[in-house]
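Notes for the structure review
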Amino acid sequence: MRKGVATVAQLSSFDEIIDARTSAEFAEDHIPGAINLPVLDNQQRIIVGTLYKQVSAFEARRVGGAMVAENIARHLAGHLADKPKNWRPLLYCWRGGMRSGSFVTWMRMVGWDACQLEGGYKTYRNHVIEGVGGLASVLRFVVLCGPTGSAKTRVLEALAGRGAQVLDLEALAQHKGSVLGAIPGTEQPGQKAFETLLHHAMRGFDAGRPVFVEAESRKIGRIQLPEALVRAMRAAPCAVLEASRDARLAFLVRDYAYLGDDVGALQARLERLKELQSKETISRWLALAEARALPQLFGELMDLHYDPLYRRSQASHFSAFTSAPRFITDDLSAAGIARLAEDILVARLGEGPAG
């Protein structure tokens, strides 16, 4: 390995990881735990790129070099001002090129043992994609199934609180997964950022123990689940939550109470179902939303939309669904959810020999 260059496998050996790309690139996705110290800001990168295409590579480097030097100087006087001599950072840019390379050169001149990530973010991105696929094939998933309102996410949380391994895809995607699942005031991550978070979570699991995950379709909001993960989940053992209709409705009214705070947003989400429901049904649901009659609205959504969809999809999507153990309850209070989690753990699902 060349002096001053490191690989993805060596990420954990550095004191700090520095992303030298623009703030826009960093916001789209970055290595977990990295900080952003751009050597070119968003506008400067556009200026340099335009000069490279329209004038010459020399002119782009001349103008860009001055910008880079100014930005590095500001970082040296700012975030880096109190770093000790034995501090060891790793830097990366898009492909491990001039942006991170110039920053590393200055740091090494100062006296720090700074290194550049070989291949940059592009190499890390490939590592994430390959890693998710590889981990999906070796982890022992147990999929929690159950119709909308069965408190699957809360059961996952209860399992995690009891020491079980849990992959909470909806938490990573910042979305509850249904047509009403957008979380007010919360932006979903981009696809790349989601996959980075997913990989980071999956690599922390013990492959010898089960990993509980909620049954999901291929998309959570606007996030697309990696195909390898979808395949692994659909072939995995299942645990089916069978809560009574009354318990599910009471849970939905509690869990989605905030939808009554913004009637316009709720109605906009309901209108997305126009192709699946009659005009009369949609009109009635819009009126119920206007009246903030959430119990009646959610009850109709369960009976006419969510439950029929669930019955059509589960057995065809999850191969172990039909023979899976059922966990029956008429109580989805905190205590009832805790009991479900205990019952699932007692069943020791996914703990047999690996397939």
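Everything discussed here concerns the structure shown above.
Reading the values: rules and limits
Residues numbered from 1 in each chain as written. Predicted model: local features only at pLDDT ≥ 70, side-chain atom pairs only at ≥ 80, totals over all residues. Heavy atoms only, no water. Salt bridge = Lys/Arg side-chain N within 4 Å of Asp/Glu carboxyl O. Helix = DSSP H or I, 4+ residues; strand = E, 2+ residues; numbered from the N terminus. Buried < 20%, exposed > 50% of the residue type's maximum accessible area, 1.4 Å probe, protein only. Pairing = 2+ DSSP bridges. Right-handed = clockwise from strand over helix to strand, strands pointing away. Axes fitted to C-alpha atoms, helices over the stretch in contact; angles between N-to-C directions. Contact = heavy atoms within 4.5 Å. Core = buried A, V, L, I, M, F, W, Y, C linked by side-chain atoms within 4.5 Å. Expected span 1.5 Å × (residues − 1). Bend = angle between axes of the 7 residues up to and from the residue. Left-handed = near helix turned anticlockwise from the far one by under 90°. Nonpolar A, V, L, I, M, F, W, Y, C, P; charged D, E, K, R; others polar.

Brief notes about the pattern of salt bridges
Under the criterion given, the structure shown has 21 salt bridges. Note that Arg45 and Glu25 form a salt bridge whose closest N and O atoms lie 3.2 Å from each other. Taken as a pair, Arg45 in helix α2 (residues 42-54) and Glu25 in helix α1 (residues 23-28) lie far apart in primary sequence, 20 residues in all. Beyond isolated ion pairs, a larger network of salt bridges with shared partners links Arg154, Glu157, Lys176 and Asp255.

Quick notes on the pairing of strand β11 (residues 238-243)
The buried fraction of β11 amounts to 5 of the 6 residues, a majority that puts the element mostly inside the structure. Relative to β11, strand β6 (residues 140-145) runs parallel, the two sharing 3 bridges. Looking at the pairing, Leu144 lines up with Ala239 of β11.

Observations concerning the pairing of strand β2 (residues 16-19)
Look at any regular strand and the pattern is simple: side chains alternate between the two faces of the sheet. Side chains Glu16 and Ile18 project from β2 onto one buried face, and the interleaved Ile17 and Asp19 project onto a second face that is buried too. Looking at chain direction, β2 and strand β4 (residues 89-92) are connected through 4 bridges and run parallel. Within β4, the position partnered with Ile17 by the bridge is Leu90. In this structure, β2 lies alongside strand β3 (residues 35-36), joined through 2 bridges in parallel fashion. Each bridged residue has a counterpart across the sheet, and for Asp19 the counterpart in β3 is Asn36. In this fold, the crossover linking β2 to β3 by way of α1 has right-handed handedness.

Notes on the sheet that holds β11
Pairing within the open sheet is parallel, and its 5 strands lie in the order β7-β8-β6-β11-β12. Each edge of the open sheet is held by one strand with a lone partner, namely β7 (165-167) and β12 (326-329). Ignoring strand direction, the axes of neighbouring strands in this sheet form an average angle of 25°. Judged from the 4 bridges that link them, β11 and β12 form a sheet pairing that is parallel. By the bridge assignment for β12, Glu242 is matched with Ile328. Where helix α6 (residues 152-161) meets the sheet, it contacts β6, β7, β8 (210-214) and β11, and its direction lies at approximately 155° from that of β8. Against the sheet, helix α14 (residues 334-346) touches β6, β8, β11 and β12, its axis set at about 160° to β12.

Examining the nonpolar core
In this structure, Phe141, Val143, Cys145, Leu167, Leu169, Leu198 and Met202 are the most contacted members of the largest nonpolar core, which totals 49 residues. If one sorts the elements of this core by residue count, helix α5 (residues 120-138) sits on top with 6 residues. Contact partners of Cys145, with chain neighbours within four places excluded, come to Lys152, Ala215, Cys238, Ala239, Val240, Leu241, Tyr310, Gln314, Phe318 and Phe321. Of all hydrophobic cores here, the second largest spans 22 residues; its members include Val142, Leu156, Ala239 and Leu340.

Details of unusual backbone geometry
The phi dihedral of Ala151 is positive, around 65°, even though this residue is not glycine. Summarising the element assignment, Ala151 is placed in the loop between β6 and α6. Phi is positive for Arg292, close to 55°, though the residue is something other than glycine. Among the structural elements, Arg292 can be located in the loop between α12 (279-290) and α13 (294-317).

Here we look at α13
The terminal C-alpha atoms of α13, which comprises 24 residues, lie only 30 Å apart, well short of the 34 Å expected from a rise of 1.5 Å per residue. Bending of α13 peaks at approximately 45° at the position of Met302.

Things to note about the environment of Glu187
Along the polypeptide, Glu187 turns up in the loop between α7 (169-173) and α8 (191-202). Overall, the relative accessible area of 66% leaves Glu187 in the exposed class. Here the alpha-carbon distance between Glu187 and Asp15, two residues 172 residues apart in the chain, equals 30 Å.

Let's talk about the packing of α6 against α14
A pair of packed helices is captured by two measures, namely the crossing angle of their axes and the spacing between those axes. Relative orientation of the contacting elements α6 and α14 amounts to 65°, with a least axis distance of 9 Å. Between α6 and α14 lies a crossing of right-handed hand. Judged by residue contacts, Arg154, Val155, Ala158 and Leu159 of α6 engage Ile337, Leu340, Ala341, Ile344 and Leu345 from α14. Considered class by class, the residues forming the contact of α6 with α14 number 8 nonpolar, no polar and 1 charged.

Comments concerning the sheet that holds strand β5 (residues 115-117)
Neighbouring strands of a sheet are bound in pairs by backbone hydrogen bonds; such pairs are parallel or else antiparallel. With parallel pairing, the 5 strands of this open sheet are ordered in space as β1-β5-β4-β2-β3. The open sheet has two free edges, formed respectively by β1 (5-6) and β3, since each of these has just one partner strand. Across the sheet, helix α4 (residues 98-110) is in contact with β2, β4 and β5; its angle to β4 comes to roughly 155°.

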